[in-house]
There are 2 protein chains.
Amino acid sequence: MKEYPFSKGLEDVPAAESVLTYIDGQEGKLYYLGIPIEEWAENSTYEEVALSLLLRRLPTKGELKVFDAALRSSRDLPEEVIDFIYDLPPQTHPMSALRSVVSLLESYDEDARRDDLDAKFRIALRLIAKFPTIVAYFDRVRKNLDIVRPNPSLSHAENFLYMLTGKIPTKYESKVMDVALILHADHEMNASTFASMVVASTLSDMYSAIVAGIGALKGPLHGGANEAVLKMFDEIGSVDNVEKYIEESLAQKKKIMGFGHRVYKAYDPRARILKKFAEELSKESKYYEIAVKVEEYMMKKVAQKGIFPNVDFYSGIVYNALGISTDLFTPIFAISRVAGWAAHVLEYLEDNRIFRPSSIYKGELDKKYIPIDQR
Amino acid sequence: MKEYPFSKGLEDVPAAESVLTYIDGQEGKLYYLGIPIEEWAENSTYEEVALSLLLRRLPTKGELKVFDAALRSSRDLPEEVIDFIYDLPPQTHPMSALRSVVSLLESYDEDARRDDLDAKFRIALRLIAKFPTIVAYFDRVRKNLDIVRPNPSLSHAENFLYMLTGKIPTKYESKVMDVALILHADHEMNASTFASMVVASTLSDMYSAIVAGIGALKGPLHGGANEAVLKMFDEIGSVDNVEKYIEESLAQKKKIMGFGHRVYKAYDPRARILKKFAEELSKESKYYEIAVKVEEYMMKKVAQKGIFPNVDFYSGIVYNALGISTDLFTPIFAISRVAGWAAHVLEYLEDNRIFRPSSIYKGELDKKYIPIDQR
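Residues numbered from 1 in each chain as written. Chains lettered and ligands numbered in written order. Predicted model: local features only at pLDDT ≥ 70, side-chain atom pairs only at ≥ 80, totals over all residues. Heavy atoms only, no water.

A. Inspection of the pairing of strand E2 (residues 21-24) of chain A at higher detail. Residue and element names in this part refer to chain A. Here E2 shows a clear split, with Thr21 and Ile23 buried on one side and none of Tyr22 and Asp24 buried on the other. Strand direction decides the pairing type here: E2 and strand E3 (residues 29-32), joined by four bridges, are antiparallel. The residue of E3 that forms the bridge with Ile23 is Leu30. From the end of E2 to the start of E3, which pair antiparallel, there are four residues, and Gly28 there has a positive phi angle of about 70 degrees. (Buried < 20%, exposed > 50% of the residue type's maximum accessible area, 1.4 Å probe, protein only. Helix = DSSP H or I, 4+ residues; strand = E, 2+ residues; numbered from the N terminus. Pairing = 2+ DSSP bridges.)

Right, here's the structure in full:
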């Protein structure tokens, strides 16, 4: 048996090979399929990014047309599943609702009982289509509002905002949401993608894999960070209080939310794109001014240590300016990232090996079972 | 950044430190908390094994008494969740039903919104108590039978068989089920345990972690193996056909189900214990004779290569002899293993680090986005 070194949290330990995403953490660059994230944000749509990740190449015009049509046709949920959403206790966390609904959807999908990769591709497509519907339906039901059925004449991002608010969004709002979805679609081997892959590697079904991704993303160390950023801005309260807050936090070794990343040691390119939107939307946001001041002050203090704003620092401001409830930020992350989870699962299953790492035993051995009366 | 070697499926790569379980694959030995599995099977109960794993030591008599009382009091499900089980399409896979029900249970548990390890310990206790109920209720509902409410005067194993069949089991049947649960309670860093830990490492909730474990165990490369063993016995059909079947399978490089293990290169100690029960129950089983013959023949052919029967080779025969439906074998595995999942999660969270391995990029870089009309 070969001996491998131990790295806690598997930091820097390669877990798979992939052509999907590359992060140059030193330079602050992110690529999907070798193409810089800025080009995707500028030219593409979430629909195209999702299909590109699933196919592991840019689609043809015809492929994208068919995929987009299939997405638009697959958005709604079985009526039994909508009833289930109405029955959920309204205090359910939206990520828990998403996890439970996706788990339940398997019961209504014949493809879940098929083993081939084509069936898994079809499930991926349907889940990408349905995630916004699940999140929007649950949000409206818990707020005692009527659900808004998907509108197939709207794009993925447009339709999501429409189902959430009941109003057709402006072109600008749709563009902002579309770009936010593009930026979050994949991010190499993060914890939720890895969780999906571990589950899929036992040859379990696609629903089980995606459900694991949702569960991992729900954690505050992963998907919950942009919520925590807004909470921090609320604590700071005003621009005048920024310096004092940061100095006190750093003195107490408290983490400044939205700064630093295990991979990026430079400015997160996604944060740069979202910062522009946050600036444009700044009239809608009480947070933007505080954010800029926090960034300025932090850059003076910690940029030389490789600590920069990450994507979560500006995404929350953008979603807040669009009028979205804070506890939907992580579900929006999931709406986007489901494409990455599915794409990594499909890629890994082409040459699968079950994930079964080892463990370092730290206990004693050959102890005796002591009968309970003698303890 | 340190460079770590790549091992597909993370084989032999240490992912965590633990005092829970040690496998000596060369010698064919398994220890929980340093105590050989044979001693647990001989002297302990599933309840005590579960509590020992959660506490990471043998409990006192008083602790076990309280834990057992808490388990017995926590078995039933909220009525809304029972309604949900009635509403599930009956063709739902029992593992999918378990996954969906556990996911839904979070909505009814205030502790899921608490971050401390004590809250997670309480959830672990309740899930250990409720898993048999979920599996038994779903099985009876899909068969159009009335559900059998848990009986708090029965032990964990007894009560499970009672809820499944509606009859109080014999002492012997209960002992067999209890030992089967003891043997499956933990097994170091397997794929489902690892999936639970990856999810928990984002500081997500205990339900999300356990749901990931269920999803991983559902896969035929992991929990589904004992089902596959019985299917193979059915294909073999009779003792006379064993030699021919094995020779043909080996010639076609087909896997003989229930043989070999990534860690054990000797006889799986759990298989040895279950084999004894299978032998005692052999009058109830059409499979035992075929199994013995398969083992004999395989030992001649492949034992020198370190390929021996594993736990799945005999567990299916035992469950079948107890009259349990084949598609409940993996859920029974989950009923036992939930203790291991929870114990590893609790242990890891004492000194948590998010699982975020790296990925080896195999694609090109700095490609151009080609406008769709030019593709």
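B. Examining the sheet that holds strand E4 (residues 35-36) of chain A more closely. All names here are of chain A. What the three strands build is an open sheet, ordered E2-E3-E4; its pairing is antiparallel. Each edge of the open sheet is held by one strand with a lone partner, namely E2 and E4. The pairing of E3 with E4 spans two bridges and is antiparallel. When the bridges of E4 are listed, Tyr32 appears paired with Ile35.

C. Local environment of the relation of the copies chain A and chain B. Between chain A and chain B, which share one sequence, the superposing operator has a rotation angle of 180 degrees and an axial displacement of 0.0 Å; the RMSD is 0.1 Å. Expressed as a symmetry operation, the mapping of one chain copy onto the other fits a two-fold axis. Among all residues of chain A, the one whose C-alpha sits closest to the rotation axis is Ala212(A), at a distance of 2.4 Å. A share of 100% of the interface residues of chain A reappears at the interface of chain B, consistent with the copies meeting face to face through the same patch. (Least-squares fit on C-alpha atoms with pLDDT ≥ 70 in both. Contact = heavy atoms within 4.5 Å.)

D. Local environment of the nonpolar core. Of all hydrophobic cores here, the largest spans 276 residues; its most connected members are Phe233(A) and Phe233(B). Discounting chain neighbours no more than four positions away, the residues touching Phe233(B) are Tyr287(B), Ile290(B), Ala291(B), Val294(B), Phe313(B) and Ile317(B). (Core = buried A, V, L, I, M, F, W, Y, C linked by side-chain atoms within 4.5 Å.)

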